[in-house]
Amino acid sequence: MADVTATGLSILCLLLVPGYLLIEHRGIELLPLVLAAAGWISYLASCLVNGVAVLSPNVMAPAAFALYLIGLSVVVGRSVRAIATVLAGIAAGTVIFHLVRGIELTRTGSFLDLWKYGIAQSATILVLFVLVKAGVHRLALPSVLAALGLVSLVLNFRSHALICFVAAATVLTGWVLAPRIGRGWQYAVVFGFAGTFAVVMPSVARTGLLGPALQAKVLQQDSSGLPALFAGRPEPPLSLTAIYERPLLGWGDAQHLTPELYTSAAHLAIRLGYTPTLPFELYWRIPGDYSALHSIVLASWAEGGVAAVMLPLWLLGVCGALVWNSPRYGRWAPLVVVVAVQGIWDLLYSPWTYNLIPVYACIVLLFSARHFPGSVRAGREPARVARPPIQPVANGRDDGPAPDARVSVVIPTIGRPTLTRAVQSVLNQSCPVEEIVVVADTGAPLPVSSNDQIVVLGVGPNAGPGRCRQAGIDAARGTVIALLDDDDEWCADKLRRQLDAVAHRSDRSWIVSSRMAVVGPGDRRRIWPRRLVKVDQSVADYLFRFTGLTAGGAVLQASTLCFPVEIGRLIRWDADPDGVHDEPSWLMRAQREIEGLSIIQLADVLSTYHVSGESVSRTAHDRSGEYIAWGLEHLRGESPRVRGDYLCTSPVSAAVSARSVVGVWRSVQAAVRHGRPGPQALAYAGLGAVRIALLRGRAAARQVRTTMPLRRSR
């Protein structure tokens, strides 16, 4: 269904073009469309100059890419999960096509040919998609990739095996080594592994341990003398010669190459180390094959000219950025890395085939989802997107947040017994609510009584709080959203006080919070935050500029937040569902993207935040590296003081939870290198190291006391 899927998808994308025109875009997001237009125009000019038909597949590729990108942008927006779903759909269509119909190379009756020439890449995407959706342990995904790579080796598909192994190594080093070494060293490990694979694999294959098919292929290439630099491809000398002869406008089509050029290409191949007896024209002159050049990058330049290669080169950079920044994609990182590494390989060594064009459109959308939203220069204020203020609902009256506003309360839950207490605190509100949307992140029964106001949605298990909140917001019927965690509770006047605070406003560009009582562990009780956010103060400056020596100075906690439903649907909680900071990320994006947004924090204590003993207990895994990565990505546009203070506090807290002195030291190093932490933040980090020493000493003393009676009894 490669052709059928592409045709149906292209028609859908064509119908969605008007929707794309209604969406506001940043200038940088239009760059791939500009490059596609330039490439298409260059191709057309080359065809006209060379007298070649203008409707060949390669000529239409840039235009088709632009069409897919426009249509899919409307469908998926910046949702990584939605983009992954589209990739899985394309992969499923490709697999079905090859199983039902196929092409000449896959209709031989051999599973080896079906795997190599038809379904290997698509099957890999489908397997990863299903496993991620099923919520398997993340370390299982690199193992599955390695297993698929081994299968491809046995089936003589070395390039796919290398892609799977490199992707597995990239993901594994990112998850295991990220807290210990820098990203550059991580990828040095990956490149070292790839180099080792390139050297060791042929030696093992020659012994026959990886199957007779791979053994025969390696021995054949040994005798042909194909350089490893060109991945065993005979086509690069032809492409390079064609580019050299006509670098500006190209040849229009590979079928237009002259016999003299074939002769020059053969001489170049011999000079590059190819065996002189290799039958070059047997590889190069393939009747009816518009991809004889066998490289998207080189073929685009050779056929369409220098302007036509700009888009493939940009795509090459995008794929590299996806691999480099793969940790930004959370649980989808394995799928993103596989698609990106496969994209790099295809750009260098493959022609436009099957459903590659919509796949590259998805790659660009993945890049936009995690790179364009944070595209600000270090040391400057984040640039806000010029959005009109969110206006009142047009229903014939001012539907501002009066006390009778219809409030939908969204409660994500994993089924804790405290859910009953949270729901009851909503039912006790002096300002009645429209509905209580309980979003279940579990398959177990919920401790919720029957009530017409309560709506239960199931999205789990293991969806995470961000996805659960967004599912509740999307399903809400009310005009105002109030969030509540299942282990927190509200005071009876919470909603009325917050709605009264914004009742005078005619616009709907506001978020209201309040102070809260923090209870636990045990009988401990305090009031957070100690200071309130100021008018027009940036969220990052308020939350992360450290002015004390203890936590609780600045807080905007989810259970205190109340805002119009339009904001919750415009600024989505599931945009970064696997990030380490839910509320700060969402609030920072809202402040950046909504013009004139007001964040109002009441001095009243209107909710209770419960801290259990489990919340402050030791964790086995040091996550300080994840917090450092979050700070470097999301705070690069903030002041050096804010960036430094954050890196000296939040990552240090994670390191203290894991009793990791190394984590504390790494956090302080990052703070000094990437910011200018204040004295309070540095003191907090120092106290964290002292606390770890005390905790370790206490644990050692406890161990000694435990073993002493045993020694005396002996």
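Residues numbered from 1 in each chain as written. Predicted model: local features only at pLDDT ≥ 70, side-chain atom pairs only at ≥ 80, totals over all residues. Heavy atoms only, no water.

Student: Any chance you could break down the environment of Leu543 for me, citing the residues and the numbers?
Tutor: Position of Leu543 among the secondary structure elements: in helix H21 (residues 539-544). Judged by its relative accessible area of 17%, Leu543 falls in the buried class. Taking the C-alpha atoms as reference points, Leu543 and Val642, 99 residues apart in sequence, are found 8.9 Å from one another. Setting aside residues no more than four positions away along its own chain, Leu543 makes contact with Ala554, Val555, Leu556 and Pro584. (Helix = DSSP H or I, 4+ residues; strand = E, 2+ residues; numbered from the N terminus. Buried < 20%, exposed > 50% of the residue type's maximum accessible area, 1.4 Å probe, protein only. Contact = heavy atoms within 4.5 Å.)

Student: Report on the packing of helix H8 (residues 158-176) against helix H16 (residues 333-349), specifying residues and quantitative values.
Tutor: Contact geometry of H8 with H16 gives a least axis separation of 9 Å together with a crossing angle of 140°. Overall, the two elements H8 and H16 adopt an arrangement that is oblique. The hand of the H8/H16 crossing is right-handed. Residues Ser159, His160, Leu162, Ile163, Ala167, Thr170, Val171 and Trp175 of H8 form the contact with H16, whose participating residues are Ala333, Pro334, Val337, Val338, Val341, Gln342 and Trp345. Grouping the amino acids of the contact of H8 with H16 by side-chain chemistry returns 11 nonpolar, 4 polar and no charged. (Axes fitted to C-alpha atoms, helices over the stretch in contact; angles between N-to-C directions. Parallel < 35°, antiparallel > 145°, perpendicular 65-115°, else oblique. Left-handed = near helix turned anticlockwise from the far one by under 90°. Nonpolar A, V, L, I, M, F, W, Y, C, P; charged D, E, K, R; others polar.)

Student: How would you summarise the pattern of salt bridges if you had to cite specific residues and measurements?
Tutor: Overall, the coordinates contain 17 salt bridges when judged by the stated rule. Taking the shortest distance from any N to any O, the salt bridge between Asp574 and Arg81 comes out at 3.6 Å. With a gap of 493 residues between them, Asp574 in the loop between helix H22 (565-570) and helix H23 (582-593) and Arg81 in helix H5 (residues 80-100) connect regions that are remote in the sequence. Residue class for Asp574 comes out buried when judged on its relative accessible area of 11%. Arg416 is the partner of Asp486 in a salt bridge, and the nearest nitrogen-oxygen pair spans 2.7 Å. Taken together, the residues span a long stretch of sequence, with Asp486 in the loop between strand S4 (480-483) and strand S5 (489-490) and Arg416 in the loop between strand S1 (407-413) and helix H18 (419-427) at a distance of 70 residues. Ionic contacts of the salt-bridge type, sharing partners, join the residues Arg81, Asp474, Arg572 and Asp574 into one network. (Salt bridge = Lys/Arg side-chain N within 4 Å of Asp/Glu carboxyl O.)

Student: Let's hear about the packing of aromatic side chains: which residues, and what values?
Tutor: Enumeration according to the criterion identifies 10 aromatic pairs in this entry. Joined through ring pairs, the aromatic side chains of Phe544, Trp630 and Tyr646 make up one cluster. A cation over a ring is seen here: Lys494 above Trp490, with NZ or CZ 4.3 Å from the ring centre. (Phe/Tyr/Trp six-rings, centres within 6.5 Å; stacked < 30°, edge-to-face > 60°. Lys NZ or Arg CZ within 6 Å of the ring centre and 35° of its normal.)

Student: Describe helix H27 (residues 661-674), listing the residues and the values that go with them.
Tutor: When the terminal C-alpha atoms of H27 are compared, their 20 Å separation across 14 residues agrees well with the 20 Å that a helix rising 1.5 Å per residue should span. Residues of H27 that are buried: Gly663, Val664, Arg666, Ser667, Val668, Ala670 and Ala671. (Expected span 1.5 Å × (residues − 1).)

Student: Go over unusual backbone geometry, please, and point to the residues and values.
Tutor: Omega for the bond connecting Gly520 with Pro521 falls within 30 degrees of zero, at -5°, which places this linkage in the cis form. In this chain, Trp528 is followed by Pro529 through a cis amide linkage whose omega measures -10°. One can find Pro529 in the loop between strand S7 (525-528) and H21. Unlike most non-glycine residues, Asn462 shows phi in positive territory, near 65°. With respect to the helices and strands, the residue Asn462 is situated in the loop between strand S3 (454-458) and helix H19 (465-475). Note on Asn462: relative accessible area 54%, which makes it exposed.

Student: Summarise the nonpolar core; cite the residues concerned and give the values.
Tutor: Among the nonpolar cores identified, the biggest contains 84 residues, and Phe65 and Tyr360 are the most heavily contacted of them. With 12 residues, helix H17 (residues 356-371) is the single largest residue contributor to this core. Setting aside its immediate chain neighbours within four residues, Tyr360 contacts Phe65, Ile296, Leu315, Cys319, Gly343, Asp346, Leu347 and Trp352. Within the second largest apolar cluster, 53 residues are counted, among which are Val437, Tyr542, Phe563 and Ile692. (Core = buried A, V, L, I, M, F, W, Y, C linked by side-chain atoms within 4.5 Å.)

Student: Any chance you could break down the pairing of strand S6 (residues 510-519) for me, citing the residues and the numbers?
Tutor: Here S6 lies mainly inside the structure; 10 of its 10 residues are buried. Relative to strand S9 (residues 598-610), S6 runs parallel, the two sharing 10 bridges. Within the sheet, the bridge partner assigned to Val518 lies in S9 and is Tyr609. The loop that links S6 with its antiparallel partner S7 comprises 5 residues; one of these, Gly520, has a positive phi angle of about 105°. (Pairing = 2+ DSSP bridges.)

Student: With reference to specific residues and values, describe the side chain of His581.
Tutor: Structurally, the position occupied by His581 is in the loop between H22 and H23. Judged by its relative accessible area of 13%, His581 falls in the buried class. At 2.8 Å, the side chain of His581 and the side chain of Tyr646 are in polar contact. When neighbours within four sequence positions are excluded, His581 is seen to be in contact with Tyr627, Trp630, Tyr646 and Ser650. (Polar contact = N/O pair within 3.5 Å; in protein donor to acceptor, adjacent residues only side chain to side chain.)

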